[in-house]
Amino acid sequence: MADHDTPNGTSRRAFLRGAAAAGAGALSATAARAQTPDPLITEVQPWAQSFGDGVDETPYGLPIKFEDDVVRRNVEWLTADTVSSINFTPIHALDGTITPQGCAFERHHSGAIELRKDEYRLMINGMVDTPMVFTYADLERFPRENHVYFCECAANTGMEWAGAQLNGAQFTHGMIHNMEYTGVTLRTLLEEAGLDTAGDLSDKWVFVEGADASSNGRSIPMGKALDDCLIAFKANGEALRKEHGYPVRLVVPGWEGNMWVKWIRRIEVMDGPVESREETSKYTDTLEDGTSRKWTWTMDAKSVVTSPSPQAPISHGTGPLVISGLAWSGNGAITRVDVSKDGGMTWETARLAKEGEAKALTRFYLDTDWDGSEMMLQSRAMDETGYVQPTKAQLREVRGLNSIYHNNCIQTWLVRSTGEAENVEVS
Amino acid sequence: MSKFLKSTAILAALSLTATPVLAEKLGLGRAALTEEVAAWNGEISPDGTGLPAGSGDAIVGEEIFADQCAACHGDFAEGIGNWPKLAGGMGTLDREDPLKTVGSYWPYLSTAFDYIKRSMPYGNAGTLSDDETYAIVAYILYSNDLIEDDFVLSKETFLDVEMPNVDGFILDDRAETEYAQWRVEPCMENCKPEPVEVTMRATVLDVTPQEEAAVSDDVVVAAPKPEAETAAAAEVVTASFDADLAAEGEKVFRKCSSCHQVGENAKNRVGPMLNGIVGHAAGAVDGFRYSNPMADAGEDGLVWSEQELAAFLADPRGYMRGTKMAFAGLKDEGDQAAVIEYLKSYAD
């Protein structure tokens, strides 16, 4: 399904460069002819004449100042304060699939703490042969693995249940990031402590908690714990950021972000779930009749067009247009993404930038020619289980209107002839 | 559930091929000491496993709640502003905007004890004794009309409390109710009746954060403090300071400390840090996002003299309509004076 190589990839890039240069004046994108020589070319520019910064100007670099709008943003009215709150990844401004740590969304329950590696301890206790304590240095001596996984908050898109609310892909879909993690499998550590004592593992659980003031405890069935959970200490090649759980966090691939306990300090093998606050009063899904689903851990297949979108309008006029977006599934790899320009009446299959990876973000592109007419842009993901991302109407039909979490509906952006876009719902 | 576990167990077995296979243990780490396990092993399970000795009732709990919890959760556990409501909401779960509280929604009482002992009071977690925790849980139950005020909550009586929504949960059934329907070949053409129409727009609600707001915040942060004013404040502090009264105020300040910090390394939390607040312009602590009324009052020249501060502390929301400070107020003038004296000891 994935179309790896576009035969005209090079020429398309060249075309985009041209369009960007012409962007200031020309609205028509058909190979414009310059009327006057471009002074950026004909005159010697300051940057072409004198020195730039020396090598040690920024020992650890930040993005250039021209990109200072590509930042996490908060929706203040969502929460009472910023210490127990969430912000949003600027997915409208990113490309590819890896989320830079510096703009990957944060979710804290008692703020991002500063915990030194040499003051870090990880305890494994409960139904294990030997309750153990590991230091950070111990963790680095176990065999390591590298995996790319998305981490999505169960509440991502949660504000959109009752209707279109927030105008921007960052706000509707930005509770997600995707990083390459380095760590030790949870299985390795559990086996180091020994699981013979636990006996039959099929009905056992692990309870995990963090070292911060909230300690955010969650129960995870042993099957998942032994399957693909990672005790991670690096992301995208470098140490985890403070806000993502430095020095060590739990990675629970494909499952809701709340379970990815940061600053993880303890893992207890138990014979049942704790039914903690975060798995009863929160992160449960109330249906129309008032009953609520619990243990809805998996993040189902979902996608969103990141550009054009309300924060990333079309600024180049008609002609070649790259429609781009992200797709992911907690049940496996994305196999296909379809895009509709007419609100779901007709669909065309987009190009996946790379073959989808299980439980990781997949980038899709639809290289198209825009005639300037209004579009109702949608994307629809499919994963390797054959699951097709539902519409909001389909979700509401099953779950009613009182849900908060696990809203993986198809999103619609109304793109006007001016190129501006807004968040809408359609019939 | 069992079906799920089996399938993941199979997955786990398969994925072993991609995992570094450990023939035997590496002998890393060390055995945890009993005291260490006891210090961290605090979770409470639905059947009461993990509950400590101790007890408390709603009468005792009400006082503790007023001191430790009411700043955010309200005197009657009704919640203030965006802070969680802990009481009420019975019978609302099948209505629009259900109110989910400990009484109306939480299936297990163990969760309340576990969470309060573990994570509360907000900003001062893990400081409640077991007796205090029992008392607070009892007060929350009482506020939900689930126990009488003389009911003594303890390990022995814990499971006697009936949680109304204990049977209100089902296990994840998406495999049957959703996946089965949605694993189909998707439609590609003529997928819905024409014409497709916009039925709702986010712009109508206008709740998206605007960049202008961020810019004005920056301006507030960047505003230089008038040097003269700070100097004047320092003089006031040295002019009259009662160390005994300040010591009393330190105790009173516990009511403030879940939201405010003072002293070395004090930072803005739920409320602004308060070093040097006496004599300081209102709404002007660097980096704190004030309510508009507070910011405006500061710009209009309001300075936290002892007199103004006492009036504010007596009735925060009466004194300044729209303030973010979710605190019922210090009714006792002695408490007001003491806490102000205490704050003066952190002159910045």
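Source: prediction; values computed, not measured.

(A) Region of the structure containing the overall build of chain B. Each helix and strand counted, chain B has 15 helices and five strands in total. Taking contacts inside chain B between residues at least 6 apart in sequence as the whole, the part at least 24 apart equals 61%.

(B) Highlighting the overall build of chain A. Within chain A, the regular secondary structure consists of seven helices and 24 strands. Whereas a compact globule of 427 residues would reach a radius of gyration of roughly 22 Å, chain A reaches 24 Å, a difference of no more than 12%. Considered along the principal axes of its C-alpha atoms, chain A spans approximately 80 × 60 × 45 Å. Residue burial in chain A is summarised as follows: out of 427 residues, 56% are buried. When contacts within chain A are restricted to residue pairs at least 6 apart in sequence, long-range pairs at least 24 apart make up 71% of them.

(C) The packing of helix α5 (residues 109–119) of chain B against helix α6 (residues 130–143) of chain B, seen in detail. All names here are of chain B. In the contact formed by α5 and α6, the axes pass within 10 Å of each other and the chain directions differ by 130°. One way to sum up the angle between α5 and α6 is to call them oblique. With respect to the hand of their crossing, α5 and α6 are arranged in right-handed fashion. Mapping the contact onto sequence places Ala-112, Phe-113, Ile-116 and Lys-117 in α5 and Thr-133, Ile-136, Val-137 and Ile-140 in α6.

(D) View of the interface of chain A and chain B. Contacts between the two partners involve 89 residues from chain A, matched on the other side by 77 residues from chain B. For the side of chain A that touches chain B, the secondary structure elements donating two or more residues are β4 (121–126), β5 (132–135), α5 (186–193), α6 (222–227), β13 (264–270), β15 (292–294), β22 (375–383) and β24 (421–426) of chain A. Considering every element that reaches the side of chain A that touches chain B, the biggest residue donor is β24 of chain A, with five residues. Residue classes in the side of chain A that touches chain B are distributed as 32 nonpolar, 33 polar and 24 charged. Where β24 of chain A and strand β5 (residues 198–201) of chain B come together, three bridges link them in antiparallel fashion. If you follow Val-424 of chain A over to β5 of chain B, its bridge partner there is Arg-201 of chain B.

(E) Looking closely at the environment of Asp-227 of chain A. Residues and elements named next belong to chain A. Within the secondary structure, Asp-227 is located in helix α6. Residue classification places Asp-227 among the buried positions, given that 24 C-beta atoms sit within 10 Å. As for Asp-227 and Val-252, which are separated by 25 residues in sequence, their C-alpha atoms are 9.5 Å apart.

(F) Here's a closer look at the domain arrangement of chain A. All names here are of chain A. Domain boundaries in chain A define domain 1 (101–293) and domain 2 (302–424). Averaged C-alpha coordinates put domain 1 and domain 2 at centres separated by 28 Å. At the junction of the two partners, domain 1 supplies 27 residues and domain 2 supplies 26 residues. Taken together, the elements giving at least two residues each to the side of domain 1 that touches domain 2 come down to β6 (145–152), α4 (169–173) and β14 (285–286). Among the elements that take part in the side of domain 1 that touches domain 2, α4 stands out by supplying four residues, more than any other.

(G) Looking closely at unusual backbone geometry. A cis geometry characterises the amide bond from Met-120 of chain B onward to Pro-121 of chain B, with omega recorded as -10°. Take Pro-121 of chain B: it is sitting in the loop between α5 and α6. Cis geometry is found at the peptide bond from Glu-194 of chain B to Pro-195 of chain B, where omega equals -15°. Counting through the fold element by element, Pro-195 of chain B comes out in the loop between α7 (174–182) and β5. For Thr-157 of chain A, which is not a glycine, the phi torsion comes out positive at approximately 70°. Looking at the element boundaries, Thr-157 of chain A is found in the loop between β6 and α4. A positive phi angle, near 55°, is found at Asn-236 of chain A, a position not held by glycine.

(H) Here's a closer look at the sheet that holds strand β2 (residues 85–88) of chain A. All names here are of chain A. Spatial ordering of the open sheet is given by β1-β2-β3, a layout of three strands whose pairing is antiparallel. Only two strands of the sheet have a single partner each, and these edge strands are β1 (73–74) and β3 (107–108). Pairing of β1 with β2 involves two bridges; the strand directions are antiparallel. Opposite Asn-74, over in β2, you have Asn-87 as the bridge partner.

(I) View of the sheet that holds β13 of chain A. Here we have six strands laid out as an open sheet, ordered β9(A)-β8(A)-β13(A)-β4(A)-β5(A)-β1(B), and mixed in their pairing. In the strand order of this sheet, the two ends are held by β9 (218–221) of chain A together with β1 (30–31) of chain B, each with one partner.

(J) Representation of the domain arrangement of chain B within the structure. All names here are of chain B. What the domain assignment lists for chain B is domain 1 (39–160) and domain 2 (226–344). On a C-alpha basis, the centroid separation for the pair domain 1 and domain 2 is 30 Å. With twelve residues of domain 1 at the contact, the number on the domain 2 side is ten residues. It is helix α4 (residues 70–73) that provides the largest number of residues to the side of domain 1 that touches domain 2, a total of three residues.

(K) The arrangement of helix α12 (residues 292–299) of chain B in detail. Residue and element names in this part refer to chain B. Along α12, the residues that are buried comprise Met-294, Ala-297 and Gly-298. The arc that holds every buried residue of α12, seen down its axis, measures 100°, which confines them to one face. The positive-phi residue at the C-terminal boundary of α12 is Gly-301, with phi of around 105°.

(L) A look at the confidence of the model for chain B. All names here are of chain B. Put simply, chain B has an average pLDDT of 84, and 84% of its residues get 70 or more. In this model residues 1–18 is a low-confidence stretch, pLDDT under 50, and it forms 17 contacts with partners more than four residues away in sequence or in other chains. Counted against residues more than four places away or in other chains, residues 212–239, with its pLDDT under 50, gives 18 contacts. We note a pTM of 0.80 for the whole complex and an ipTM of 0.89 for its interfaces.

(M) Broad picture of the pairing of strand β21 (residues 362–370) of chain A. In the sheet, strand β17 (residues 319–328) of chain A pairs with β21 of chain A via nine bridges, with the strands oriented antiparallel. By the bridge assignment for β21 of chain A, Ile-323 of chain A is matched with Leu-366 of chain A.

(N) A look at the confidence of the model for chain A. Taken over all residues, the pLDDT of chain A has a mean of 92, while the share at 70 or more is 93%. Scored below 50 in pLDDT, residues 1–29 of chain A makes 26 contacts in the model with residues more than four places away or belonging to other chains.

(O) Summary view of the environment of Asp-332 of chain B. Residues and elements named next belong to chain B. Looking at the element boundaries, Asp-332 is found in the loop between α14 (316–319) and α15 (333–344). Classification of Asp-332 by C-beta neighbours within 10 Å gives exposed; the count is 11. In this structure, the C-alpha to C-alpha distance between Asp-332 and Arg-254, residues 78 residues apart in sequence, is 15 Å.

(P) Layout of the nonpolar core. Judged by nonpolar contacts, the single largest core of 112 residues is most densely connected at Val-206, Ile-231, Ala-232, Leu-250 and Val-251 of chain A. Here this core spans two domains, since at least three of its residues come from each of domain 1 (101–293) and domain 2 (302–424) of chain A. Dropping the residues within four chain positions of it, Ala-232 of chain A is found in contact with Tyr-181, Thr-182, Gly-183, Leu-240, Val-248, Arg-249 and Val-251 of chain A. With 44 residues, the next largest nonpolar core counts Ala-58, Tyr-105, Ala-135 and Ala-138 of chain B among its residues.

(Q) Region of interest: the pairing of strand β10 (residues 230–235) of chain A. All names here are of chain A. Among the six residues that make up β10, five are buried, leaving the element largely enclosed by the rest of the structure. Both strand β7 (residues 176–185) and β10 contribute to a ladder of five bridges, which runs antiparallel. Bridged to Tyr-181 within β10 is Ala-235. Direction of pairing for β10 relative to strand β12 (residues 249–251): antiparallel, over a ladder of three bridges. Directly across from Leu-230, in β12, lies its bridge partner Val-251. Relative to strand β11 (residues 238–239), β10 is paired through two bridges, and the arrangement is antiparallel. Within β11, the position partnered with Lys-234 by the bridge is Ala-239. Linkage of β10 to β11, two consecutive antiparallel strands, is achieved through a turn of two residues, within which Asn-236 is found at a positive phi near 55°.

Parameters and conventions
- Residues numbered from 1 in each chain as written.
- Chains lettered and ligands numbered in written order.
- Predicted model: local features only at pLDDT ≥ 70, side-chain atom pairs only at ≥ 80, totals over all residues.
- Helix = DSSP H or I, 4+ residues; strand = E, 2+ residues; numbered from the N terminus.
- Contact = placed C-beta atoms within 7 Å.
- Rg over C-alpha atoms; globule rule 2.2 N^0.38 Å.
- Buried ≥ 20, exposed ≤ 12 C-beta atoms within 10 Å, placed from the backbone.
- Axes fitted to C-alpha atoms, helices over the stretch in contact; angles between N-to-C directions.
- Parallel < 35°, antiparallel > 145°, perpendicular 65-115°, else oblique.
- Left-handed = near helix turned anticlockwise from the far one by under 90°.
- Nonpolar A, V, L, I, M, F, W, Y, C, P; charged D, E, K, R; others polar.
- Pairing = 2+ DSSP bridges.
- Domains from an automatic or database assignment.
- Arc of directions from axis to C-beta.
- pLDDT = per-residue confidence, 0-100.
- Core = buried A, V, L, I, M, F, W, Y, C linked by C-beta atoms within 7 Å.

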